Amino acid sequence: MSSLKHFFRENEVDQVFAYEMLQKFAFGLISIFIPIYIAKQATLMLALQYVAAVSLFFMISAIPISYLIARMGFKHSLVLSYIFYLPSLLVFQLVERGMMALDFRLVMFSGVLLAVGKAFHWIALHAEFATDSSEDHRGKDSGRLLGLPRISKAVAPFAGGVIMASLGFGGLVSITVVFLVLSALPLMSSGDHRDPEPYSLSAIKSVKHLKYGALFYLRGLGIASGYYLWPLFTALVVSTGGGEVDAGIVSSLVNVGMAGFTILLGSRADKVDAKKMIFVGAVLSGIFFTARGLVMTSIQAFIVSLAAGPAFMMYYVPIYSELADAAEDEDVLEFYAFREVALGFSRVTLYGFTALMLLNFGMETAFRYTFYLTGVGTALIFEADRYTDRTG
């Protein structure tokens, strides 16, 4: 145990990787199944309200939380996120035990807590990575940060689906909480960092940051569609039986593709033509999002999911590396606060589009047209990236 702590002290960027792998496994077990549980126990509209609430309150809380992170330090903020994560999950145990009703108020309560926890996590994580990683190896380190957690997420959703199908949602919540607590251990092994620059609210809306707005907005469409809506679609529309297991499989296969691409790319991440990777990856990702809207069977869903993973990593690894460079050159926390606001706005608008389609055209049409819209937006990411270069 002491040697493990020594390793983490001497390799702070590796500490971030270890934390992300464990934390992604914990949330990988349950994240996609919360809206599936809500949709099956209540309605799809309530499930959409839940995921929209997470994104909306994430967006609202990003700026004040980035200010708190500047005062508290990056690692302390990552640990603080657990104070919000744990009750956001445990509240569903009360539903399972018949102590509370699965209604709008409970769903909003859980969603707000999860959103605040995510805001502490993501802003602090990005800032910690930009601080710990070397600019000379930023591409390689970005690939590791984005790819290594995908190994655990390649297992977790499938395992979560099996656990939910066999032990019920309450059992899944209990197991997730145990792994979530364990995931905090790597953060205890070294000192904390703070933003070296004075925090400035005015810097958040700086023109330097605004030029990334279109890129963040288009990326947010893919997050919303791929993370929650695709498993929901698989469980509720495509699957003919064992919806939870099939939803877990599609999420696992996406991450298998991501992890495989990262392993193959390896140390070559800093040597490849980043702009060509972004162009090819964004276009392919757009095609695979469009293909999601055409899926009719579970087998087709599995194939599309496996193919979509490498396409995503192809464009996102170099973009993430570019963003880390930009954040380090500017104001780290203010830059990532702006990022989370833009991503949150994008996700909320897409969930709103899906809800509007659901009310007017029904569930299946709502999902399919959401994927078509996401496909177009994702394919345009390469142009949004070029715009950030043209505007200096």
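Residues numbered from 1 in each chain as written. Predicted model: local features only at pLDDT ≥ 70, side-chain atom pairs only at ≥ 80, totals over all residues. Heavy atoms only, no water.

### Focus on the overall build of the protein
Okay, step 1: Along its length, the protein carries 16 helices and 0 strands.
Okay, step 2: Among the 392 residues that make up the protein, the fraction classed as buried is 59%.
Okay, step 3: Long-range pairs, those at least 24 residues apart, make up 87% of the contacts in the protein with a sequence separation of at least 6.
Okay, step 4: Of the roughly 15300 Å² of accessible surface on the protein, 67% is carried by carbon and sulfur atoms. (Helix = DSSP H or I, 4+ residues; strand = E, 2+ residues; numbered from the N terminus. Buried < 20%, exposed > 50% of the residue type's maximum accessible area, 1.4 Å probe, protein only. Contact = heavy atoms within 4.5 Å. Areas by Shrake-Rupley, 256 points an atom, 1.4 Å probe, with all protein chains shown as cover.)

### Section: the packing of helix α12 (residues 274-292) against helix α13 (residues 298-329)
Okay, step 1: Two numbers describe how α12 lies on α13: the axes approach to 8 Å, and their chain directions differ by 145°. Crossing of α12 over α13 shows left-handed handedness. Across the interface between the two elements, A274, K275, M277, I278, V280, G281, A282, L284, S285, F288, A291 and R292 from α12 touch V304, A307, A308, A311, F312, M314, Y315, P318, I319 and E322 from α13.
Okay, step 2: Here the contact of α12 with α13 is built from residues that sort into 17 nonpolar, 2 polar and 3 charged. (Axes fitted to C-alpha atoms, helices over the stretch in contact; angles between N-to-C directions. Left-handed = near helix turned anticlockwise from the far one by under 90°. Nonpolar A, V, L, I, M, F, W, Y, C, P; charged D, E, K, R; others polar.)

### Observations regarding the packing of helix α4 (residues 44-72) against helix α14 (residues 332-361)
Okay, step 1: One way to put it is that α4 packs onto α14 with a least axis distance of 9 Å and a crossing angle of 165°. One element, α4, and the other, α14, form an angle in the roughly antiparallel class. The handedness of the crossing between α4 and α14 comes out as left-handed.
Okay, step 2: A breakdown of the residues in the contact of α4 with α14 according to their chemical character gives 21 nonpolar, 4 polar and 2 charged. (Parallel < 35°, antiparallel > 145°, perpendicular 65-115°, else oblique.)

### Topic: a nonpolar patch on the surface
Okay, step 1: Among the surface-exposed residues, V178, F179, L182 and L185 lie close enough to one another that they form a single nonpolar patch of about 340 Å² accessible area.
Okay, step 2: Secondary-structure assignment places F179 in helix α7 (residues 138-182).
Okay, step 3: Judged by relative accessible area, F179 falls into the partly exposed class, the value being 33%. (Patch = residues over 30% accessible without salt bridge, like charges linked within 9 Å, V, L, I, M, F, W, Y side chains within 5 Å. Salt bridge = Lys/Arg side-chain N within 4 Å of Asp/Glu carboxyl O.)

### Structural notes on the confidence of the model for the protein
Any segment with low pLDDT has predicted coordinates that should not be analysed in fine detail.
Okay, step 1: Of all residues in the protein, 84% attain a pLDDT of 70 or more, and the chain-wide mean is 86.
Okay, step 2: Model confidence for the protein, summarised as mean pLDDT per element, is weakest for helix α1 (residues 2-10) at 43 and strongest for helix α15 (residues 363-379) at 98. (pLDDT = per-residue confidence, 0-100.)

### Details of the packing of aromatic side chains
Okay, step 1: In this structure the tally under the stated criterion is 25 aromatic pairs.
Okay, step 2: Each residue in the set Y212, F216, F335, Y336 and F338 is aromatic and connected to the rest through ring pairs, giving one cluster.
Okay, step 3: For the cation-ring pair, R219 lies above Y316, with the distance from its terminal atom to the ring centre recorded as 5.0 Å.
Okay, step 4: Above the ring of W230, the side-chain terminus of R292 is found at 5.1 Å from the ring centroid. (Phe/Tyr/Trp six-rings, centres within 6.5 Å; stacked < 30°, edge-to-face > 60°. Lys NZ or Arg CZ within 6 Å of the ring centre and 35° of its normal.)

### Some words on the pattern of salt bridges
Okay, step 1: For the structure shown, the criterion picks out 8 salt bridges.
Okay, step 2: One salt bridge in this structure joins E20 and K24, with 2.7 Å as the shortest N-O distance. Of this pair, E20 and K24 both sit in helix α2 (residues 12-30), separated by 4 residues, roughly a single helical turn.
Okay, step 3: Among the ionic pairs, K275 bridges to E322, the shortest N-O distance being 2.9 Å. Residue K275 is found in helix α12, and its partner E322 is found in helix α13; the two are separated by 47 residues along the sequence.
Okay, step 4: The partly exposed category is assigned to K275, whose relative accessible area is 34%.
Okay, step 5: Look at E322 and you get partly exposed, because its relative accessible area is 24%.
Okay, step 6: Each of K275, E322 and D385 takes part in salt bridges that share partners, so that together they form one network.

### Brief notes about α12
Okay, step 1: Relative to the 27 Å expected for 19 residues at 1.5 Å per residue, α12 spans 27 Å between its end C-alpha atoms, a close match to the ideal helical length.
Okay, step 2: Among the residues of α12, M277, I278, G281, A282, S285, G286, F289 and R292 are the ones counted as buried. Taken around the axis of α12, the buried residues stretch over an arc of 155°, which confines them to a single face.
Okay, step 3: Two or three places before K275, at the opening of α12, D273 has a side-chain oxygen 3.2 Å from that residue's backbone nitrogen. (Expected span 1.5 Å × (residues − 1). Arc of directions from axis to C-beta. Polar contact = N/O pair within 3.5 Å; in protein donor to acceptor, adjacent residues only side chain to side chain.)

### What to know about the environment of F74
Okay, step 1: Tracing the sequence through the fold places F74 in helix α5 (residues 74-96).
Okay, step 2: Along the primary structure F74 and H121 are separated by 47 residues, whereas in three dimensions their C-alpha atoms are 8.9 Å apart.

### Thoughts on α5
Okay, step 1: With 23 residues, α5 extends 35 Å from end C-alpha to end C-alpha; this agrees with the ideal 33 Å at 1.5 Å per step.
Okay, step 2: Following α5 by one or two positions, G98 adopts a phi angle in the positive range, close to 75°.

### Considering the environment of V95
Okay, step 1: With respect to the helices and strands, the residue V95 is situated in helix α5.
Okay, step 2: The spacing of V95 and L106 is 11 residues in sequence and 9.1 Å in space, taken between C-alpha atoms.

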